[in-house]
Amino acid sequence: MRFAAVLSDLDGVLVDSGAEVERIWREWAVSRGLDPDEVGRTSHGVPGVQVIERFAPELDAAAESERLDAEHAQTGGVALPGAAELLAEISPLAVVTSCTPPLAAARFSAASLTPPAVVITADLTPRGKPYPDPYLAGARALGVAPERCLVIEDAPAGIAAGLAAGATVWAVTTTHAASELTAAHRVCADLGEILGRLRSRERTAAG
């Protein structure tokens, strides 16, 4: 079956922002007297506002998230192998990220990647991953039923969001071990493997 559209996560799928992202969350946790292991582990793929609301509800989550986003933006980012090819070859495609617009823009710029026409950022949905809202918004923006979309993810929260939206979910092992991603329909080593499978489906559909 050929997918009608692809919905791709940003950090950990298209851009490697490195261990610096988790370092920032762990340092924040220590400064607040929280368990850095728990905060660091659960921060992947989740909007910063939701992380703060969960672990430090007494704070102004929006203001604290904006401050931390500025730190995250300074960590830069490097395009992961296959990212440029995915963005160039696959259409329609939307990027669905837990980043705010400024942070997403910083990631694309640092990685020298051209963002697609549709980028769903954390401000565009009332709830972020692991809720389905971001992926439902991405499918809606592309005019495609979510059941006909492929979601590409690297984190358990994102996988949960894609599944809840009704999409097919393929995961890459760039930030988490395969054993942590078993909820996905397929676990791939990297974007190269995913591109190979998508190209094969295109050839089959054309033939």
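Note that the coordinates shown come from a computational prediction; the quantities given were computed from them, not determined experimentally.

Quick notes on the overall build of the protein
1) Next: Within the protein, the secondary structure is distributed over nine helices and eight strands.
2) Next: Expected size for 207 residues packed as a compact globule is a radius of gyration near 17 Å; at 16 Å, the protein falls within 12% of this value.
3) Next: If one aligns the C-alpha atoms of the protein with their principal axes, the spans along those axes are about 60 × 35 × 30 Å.
4) Next: Counting every position in the protein, which comprises 207 residues, the buried fraction comes to 48%.
5) Next: Put simply, of all contacts in the protein between residues at least 6 apart along the chain, 61% involve residues at least 24 apart.
6) Next: Surface accessibility of the protein: about 9,300 Å² in total, with carbon and sulfur atoms responsible for 52%.
7) Next: Counting 17 positive and 27 negative side-chain charges, the protein places the averaged centre of each group 8 Å from the other.

Brief notes about the side chain of Asp154
1) Next: Examined against the element boundaries, Asp154 turns out to sit in the loop between β6 (149-153) and α8 (156-165).
2) Next: Within the structure, Asp154 has its side chain in polar contact with the side chain of Thr175 (distance 2.5 Å).
3) Next: Those residues within four positions of Asp154 in sequence are excluded, and the remaining contacts are Asp9, Asp11, Gly12, Val13, Val172, Thr174, Thr175, His176 and Leu181.

Considering the pattern of salt bridges
1) Next: For the structure shown, the criterion picks out 15 salt bridges.
2) Next: With a shortest N-O distance of 3.1 Å, Glu71 and Arg67 are connected by a salt bridge. With Glu71 and Arg67 both in helix α4 (residues 61-73) and four residues apart, the pair spans about one turn of that helix.
3) Next: Look at Arg67 and you get partly exposed, because its relative accessible area is 40%.
4) Next: Notably, a salt bridge pairs Arg127 with Asp133, separated by 3.0 Å at the nearest N-O pair.
5) Next: On the basis of relative accessibility, which here comes to 37%, the residue Arg127 falls in the partly exposed class.
6) Next: For Asp133, a relative accessible area of 12% gives the class buried.

A closer look at the nonpolar core
1) Next: Counting residues in each nonpolar core, the largest one holds 27 residues, and the members touching the most others are Leu14, Leu86 and Leu198.
2) Next: Setting aside residues no more than four positions away along its own chain, Leu198 makes contact with Phe3, Val6, Leu86, Ile90, Leu150 and Trp170.
3) Next: Counting residues in each nonpolar core, the second largest holds 22 residues, with Ala4, Ala5, Ala94 and Ala167 among its members.

Let's talk about the environment of Ala139
1) Next: Within the secondary structure, Ala139 is located in helix α7 (residues 133-142).
2) Next: In sequence terms Ala139 and Val6 are 133 residues apart; their C-alpha atoms lie 8.6 Å from each other.
3) Next: Sequence-distant contacts of Ala139, defined by excluding residues within four places in its chain, comprise Leu7, Val144, Ala145, Pro146 and Cys149.

About the criteria used
Residues numbered from 1 in each chain as written. Predicted model: local features only at pLDDT ≥ 70, side-chain atom pairs only at ≥ 80, totals over all residues. Heavy atoms only, no water. Helix = DSSP H or I, 4+ residues; strand = E, 2+ residues; numbered from the N terminus. Rg over C-alpha atoms; globule rule 2.2 N^0.38 Å. Buried < 20%, exposed > 50% of the residue type's maximum accessible area, 1.4 Å probe, protein only. Contact = heavy atoms within 4.5 Å. Areas by Shrake-Rupley, 256 points an atom, 1.4 Å probe, with all protein chains shown as cover. Lys, Arg positive; Asp, Glu negative; His and termini not counted. Charge placed at Lys NZ, Arg CZ, Asp CG, Glu CD. Polar contact = N/O pair within 3.5 Å; in protein donor to acceptor, adjacent residues only side chain to side chain. Salt bridge = Lys/Arg side-chain N within 4 Å of Asp/Glu carboxyl O. Core = buried A, V, L, I, M, F, W, Y, C linked by side-chain atoms within 4.5 Å.

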